[in-house]
Amino acid sequence: MKTLTLIPLVLAIASASALAKNKTFYADVQVTDVAPTSGFIWERANQNTPKYPIELARSGIMGCAVLSFDISDSGKTENVEVINSLPKKHLGKYSRKMLKKWKWVPASTIAESAPEKRTLRLDFCMGGESTEQAQKACKQQTKLACS
């Protein structure tokens, strides 16, 4: 008799855990140039929205990070420094790791390739019932201070 009572309980727990694993997270990462604001020598080779780190999404971590870095004369990201991030421990680490992988191409065909110092802000946002809602929330977040 006890076995018959446990079967529905086990099924309920198994289905709840399966639903939790399949939960959809709507997230966005906004990239904002802080400095320089114009006259770029380099632009990102991949202009797609950066991918939200799955570890941060699963933990529900949102926030922002401001990073300073150099772009070498060959278009490589170097000397990445986290100026500020909220929350400090997580977003700075993931932002730095993400930025180090980026490749850069000359912004114009007539521009001479030269090293460039840049400062970017990355905003990590989640929420809503669609990607569009997450993007809208993220655009609002970029207007807030990242300190």
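The rules behind these values
- Residues numbered from 1 in each chain as written.
- Predicted model: local features only at pLDDT ≥ 70, side-chain atom pairs only at ≥ 80, totals over all residues.
- Heavy atoms only, no water.
- Phe/Tyr/Trp six-rings, centres within 6.5 Å; stacked < 30°, edge-to-face > 60°.
- Helix = DSSP H or I, 4+ residues; strand = E, 2+ residues; numbered from the N terminus.
- Lys NZ or Arg CZ within 6 Å of the ring centre and 35° of its normal.
- Buried < 20%, exposed > 50% of the residue type's maximum accessible area, 1.4 Å probe, protein only.
- Polar contact = N/O pair within 3.5 Å; in protein donor to acceptor, adjacent residues only side chain to side chain.
- Disulfide = S-S within 2.5 Å.

## With respect to the packing of aromatic side chains
Now for step 1: Applying the stated criterion across every chain yields a total of three aromatic pairs.
Now for step 2: For the ring pair Tyr 52 and Phe 124, a centre distance of 5.6 Å and an interplane angle of 85 degrees mean the geometry is edge-to-face. In this pair, Tyr 52 is assigned in the loop between strand S2 (42–44) and helix H2 (54–59) and Phe 124 in strand S6 (residues 116–126), connecting sequence segments 72 residues apart.
Now for step 3: Clustering of aromatic rings is evident, with ring pairs tying together Phe 69, Trp 102 and Trp 104.
Now for step 4: Directly above the ring of Trp 102 sits Arg 44, whose terminal nitrogen or CZ lies 4.7 Å from the centroid.

## Examining the environment of Trp 42
Now for step 1: Here Trp 42 lies in strand S2.
Now for step 2: Its relative accessible area of 2% is what places Trp 42 among the buried residues.
Now for step 3: When the C-alpha positions of Trp 42 and Ser 108 are compared, they lie 8.2 Å apart, and in sequence the two are 66 residues distant.
Now for step 4: For Trp 42, the side chain forms a polar contact with the main-chain oxygen of Ala 114, separated by 2.7 Å.

## Structural notes on the state of the cysteines
Each disulfide consists of one covalent bond between the sulfur atoms belonging to two cysteines.
Now for step 1: Per the stated rule, a full pass over the model turns up two disulfides.
Now for step 2: Here Cys 64 is linked by a disulfide to Cys 146, with a sulfur-sulfur distance of 2.1 Å. Here the S-S torsion is close to 115 degrees, and the disulfide linking Cys 64 with Cys 146 is therefore right-handed. Residue Cys 64 is located in strand S3 (residues 63–71), and its partner Cys 146 is located in the segment after helix H4 (131–141); the two are separated by 82 residues in the primary sequence. Residues Cys 64 and Cys 146 agree in their burial class; the two are buried.
Now for step 3: The disulfide partner of Cys 125 is Cys 138, and the gap between their sulfur atoms is 2.2 Å. Sign of the S-S torsion, about 75 degrees for the bond between Cys 125 and Cys 138, identifies this disulfide as right-handed. With a gap of 13 residues between them, Cys 125 in strand S6 and Cys 138 in helix H4 connect regions that are remote in the sequence. Exposure class is identical for Cys 125 and Cys 138. Each is buried.

Note that every value here comes from positions in space, so none of it alone points to a role or purpose.
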